[in-house]
Amino acid sequence: QSQNHANTQDGDLTQKYHHLVKDGSLTYDQHQTQIVKALNSVYDQIIHYQPEKPGILTKIFGMGSSKSTAPKGVYMYGSVGSGKTMLMDLFYNNIPISKKQRVHFNAFMLDVHSRIHQFKTSIPFEARREKPHKYDPIPPVASDIANNTWLLCFDEFQVTDIADAMILKRLFTALFEYGVVVIATSNRMPDDLYKNGLQRSNFMPFIPILKNKCHVIPLDSGIDYRRSAFKGLPSGGQVYFVSNETDAENELNKVFSQLAEKEGQETSRRVLRHLGRDLEIPVACGRIADFTFEQLCAQPVSAADYLEICRHFDVILIRNIPVLSLALRTEARRFIVLIDTLYDSKVRVVCSAEKIPEELFSTESSKKVTDEKRMLMDDLGISEFDKDANASIFTAEEEVFAFERVISRLIEMQSEQYWEACIEERNFKSQ
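Residues numbered from 1 in each chain as written. Predicted model: local features only at pLDDT ≥ 70, side-chain atom pairs only at ≥ 80, totals over all residues. Heavy atoms only, no water.

1. A closer look at the overall build of the chain
When helices and strands are tallied, the chain shows 21 helices and 11 strands. Expressed as a percentage of its 431 residues, the buried residues of the chain come to 48%. Put simply, of all contacts in the chain between residues at least 6 apart along the chain, 80% involve residues at least 24 apart. Summing over all exposed atoms, the chain offers an accessible surface of approximately 21200 Å²; the carbon and sulfur share of this is 50%. (Helix = DSSP H or I, 4+ residues; strand = E, 2+ residues; numbered from the N terminus. Buried < 20%, exposed > 50% of the residue type's maximum accessible area, 1.4 Å probe, protein only. Contact = heavy atoms within 4.5 Å. Areas by Shrake-Rupley, 256 points an atom, 1.4 Å probe, with all protein chains shown as cover.)

Following this line, the structure appears as structure tokens:
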């Protein structure tokens, strides 16, 4: 406890924020200072807080939960590039807590589904068949998470998957009961989460739980700091090539050769064994991998695969990114997840594309019912004129909303600051 008290002054987030403004690392933003003030309040409460440990009955059956009086967390939302992630990282990096985790929300939910699957497969078949109601996997999964991590910091809290939407209420009710504190960033206010999602009525009860356990604070200064921080290209050259403006293929070959020379290893095909199957890397040299857009986004590649690629490579080349219309909706979804994963994992990206980032996404003919949509609607028994036909899974509203974030990130990922931050963080982790 004495160590926590000693760090209180050093960890004052308001002072640290103003210090970053003073040394030129940040531009003063009055909207951001309101978030810092709220985070500082949570910081002061957390350093004196320790949740109760879940008992053995809780771990096995979800019984005897502690109904902990944990400090309220913070849910900050606003437009892309407004500094939400930076402020959360300021909090996370300075809080003297060992049981904390900072994770992209998609990656967290991927882990939750994996834990649920492991729990279900560990139950004897007879027990599962005869008394399934006694084996709800959510309480023990939540208990394990809370036992290992009671401060969760989520970047990009968003709900687009119906599988996530259907379990969030039960999962987070359990996590909050076990004393978990949540800090989250999002582009959406809580009331707009999973907007127009399929069976959203089943998701709605989660929203008041989230609002009750977190201070909900908007952050929208109208400034995209990712754009304003753009001061040129990384030393070594351009990293985003538009195919109709230059010989993009040749330019990427040059960049790959320059980077591969520093690796000092042979260039070859590589295969990663992941989740019981082979994940092919078509061209690799040391910590550099070279893909086409089709290989990464037009094939059945999952978020878990992208995370595994990030574990093995520091620089990723992506060739021939097309304009992503709603006719390429599946590919667009994968591309959104890919860029979010690369950005969050601090992986450097070199790419060639049909258009500049701002013109990479086309949302024309969003009302048209494609064959793929019609097949899914038929499988679900939904008519083109039903209310559920306007769910975001059919209208692509969530993708359109996410495009803004991806564009902003693609622009930032070209900057010298981003490349330097990636190198610094990855070098630190490798030590």
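Now that the structure has been shown, we can carry on.
2. Comments concerning the layout of surface pockets
Estimated volume of the second largest pocket: approximately 1200 Å³. Every residue lining the second largest pocket is counted, 45 residues in all, and those nearest its centre are Asn106, Leu110, Asp161, Asp164 and Ala303. In terms of residue count, helix H6 (residues 105-122) provides more of the lining of the second largest pocket than any other element does, nine residues in total. For the lining of the second largest pocket, the per-class residue count stands at 22 nonpolar, 13 polar and 10 charged. (1 Å grid on protein atoms, 1.4 Å probe; cavity = no way out; pocket = protein on both sides within 12 Å on 5 of 7 lines; lining within 4 Å. Points joined across faces, edges and corners; volume = space filled by probe spheres on them. Nonpolar A, V, L, I, M, F, W, Y, C, P; charged D, E, K, R; others polar.)

3. A look at the pairing of strand E3 (residues 151-155)
Counting buried residues in E3 gives five out of five residues, a clear majority hidden from the surface. With burial as the criterion, each face of E3 is covered, one bearing Leu151, Cys153 and Asp155 and the other bearing Leu152 and Phe154. In this structure, E3 lies alongside strand E4 (residues 181-186), joined through four bridges in parallel fashion. Bridging across to E4, Leu152 finds its partner in Val182. (Pairing = 2+ DSSP bridges.)

4. Observations regarding unusual backbone geometry
For Glu156, which is not glycine, the phi dihedral falls at a positive 60°. Phi angles above zero are rare outside glycine, and Tyr194 is one such case at about 55°.

5. Digging into the packing of aromatic side chains
Following the criterion strictly, the structure yields 20 aromatic pairs and no others. Taking 6.0 Å as the distance between ring centres and 65° as the angle between the ring planes, the aromatic pair formed by Phe154 and Phe172 counts as edge-to-face. Within this pair, whereas Phe154 is found in strand E3, its partner Phe172 is found in helix H10 (residues 168-177), the two being separated by 18 residues in sequence. Look at Phe172 and you get buried, because its relative accessible area is 0%. Taking the centre distance of 5.8 Å and the plane angle of 55° together, the rings of Phe293 and Phe335 count as tilted. With Phe293 in helix H15 (residues 293-297) and Phe335 in helix H17 (residues 329-344), this pair connects stretches of sequence that are 42 residues apart. Connected via pairs of aromatic rings, a cluster forms that spans Tyr75, Phe105, Phe108, Phe154, Phe157, Phe172, Phe176, Tyr194, Phe203 and Phe206. Here the guanidinium or amino end of Lys100 rests over the ring plane of Tyr92, the centre of that ring lying 4.5 Å away. (Phe/Tyr/Trp six-rings, centres within 6.5 Å; stacked < 30°, edge-to-face > 60°. Lys NZ or Arg CZ within 6 Å of the ring centre and 35° of its normal.)

6. Some remarks on the sheet that holds strand E9 (residues 288-292)
Across the sheet, which stays open at both edges, the six strands sit in the order E6-E11-E10-E9-E8-E7 with mixed pairing between neighbours. Either end of the sheet is taken by a strand with one partner, and the two such strands are strand E6 (240-242) and strand E7 (268-274). With direction set aside, neighbouring strand axes in the sheet form an average angle of 25°. Across five bridges, the pairing between strand E10 (residues 315-321) and strand E11 (residues 348-353) is parallel. Pairing of Val315 across the sheet is with Arg348, part of E11. (Axes fitted to C-alpha atoms, helices over the stretch in contact; angles between N-to-C directions.)

7. Describing the side chain of Thr185
The topology assignment puts Thr185 in strand E4. Classification of Thr185 by relative accessible area gives buried; the value is 0%. Within the structure, the side chain of Thr185 is placed 2.8 Å from the side chain of Asp155, a separation counted as a polar contact. Setting aside chain neighbours within four positions, we find Thr185 in contact with Met76, Lys84, Thr85, Met88, Phe154, Asp155, Glu156 and Phe157. (Polar contact = N/O pair within 3.5 Å; in protein donor to acceptor, adjacent residues only side chain to side chain.)

8. Overview of the nonpolar core
By size, the foremost hydrophobic cluster in this structure holds 56 residues, and its most contacted members are Ile316, Ile318, Phe335, Leu342 and Val350. The contacts of Val350, once residues within four sequence positions are left out, are Val239, Phe241, Leu252, Val255, Val315, Ile316, Leu317, Ile318 and Trp419. Membership of the second largest hydrophobic core comes to 38 residues, among which are Tyr75, Leu152, Phe172 and Cys214. (Core = buried A, V, L, I, M, F, W, Y, C linked by side-chain atoms within 4.5 Å.)

9. Quick notes on the sheet that holds strand E5 (residues 214-218)
Spatial ordering of the open sheet is given by E2-E3-E4-E1-E5, a layout of five strands whose pairing is parallel. With partners counted over all chains shown, the strands left at the sheet margins are strand E2 (100-104) and E5, one partner each. If you compare each strand with its neighbour and ignore which way they point, the axes differ by 15° on average. Direction of pairing for strand E1 (residues 73-77) relative to E4: parallel, over a ladder of four bridges.

10. Examining empty space enclosed by the protein
Here the structure, examined in full by the defined rule, presents two cavities of 30 Å³ or more. Here the largest cavity is characterised by a volume of approximately 70 Å³. Every residue lining the largest cavity is counted, 12 residues in all, and those nearest its centre are Gln158, Asn187, Arg188, Phe401 and Arg405. Broken down by element, the residue count for the lining of the largest cavity peaks at four residues, all from helix H20 (residues 397-412). Within the lining of the largest cavity, the residues separate by chemical class into five nonpolar, three polar and four charged. Put simply, the second largest cavity is a space of about 40 Å³.

11. Side note on the pattern of salt bridges
For the structure shown, the criterion picks out 18 salt bridges. The closest approach of N and O atoms between Arg102 and Asp89, which form a salt bridge, is 2.7 Å. Taken together, the residues span a long stretch of sequence, with Arg102 in strand E2 and Asp89 in helix H5 (residues 84-94) at a distance of 13 residues. Assessed through its relative accessible area of 22%, Arg102 is described here as partly exposed. Among the salt bridges present, the one from Arg102 reaches Asp344, with a minimum N-O distance of 2.8 Å. Of this pair, Arg102 sits in strand E2 while Asp344 sits in helix H17; the two residues are 242 residues apart in sequence, bridging distant segments of the chain. (Salt bridge = Lys/Arg side-chain N within 4 Å of Asp/Glu carboxyl O.)

Nothing here speaks to function; it is geometry throughout.
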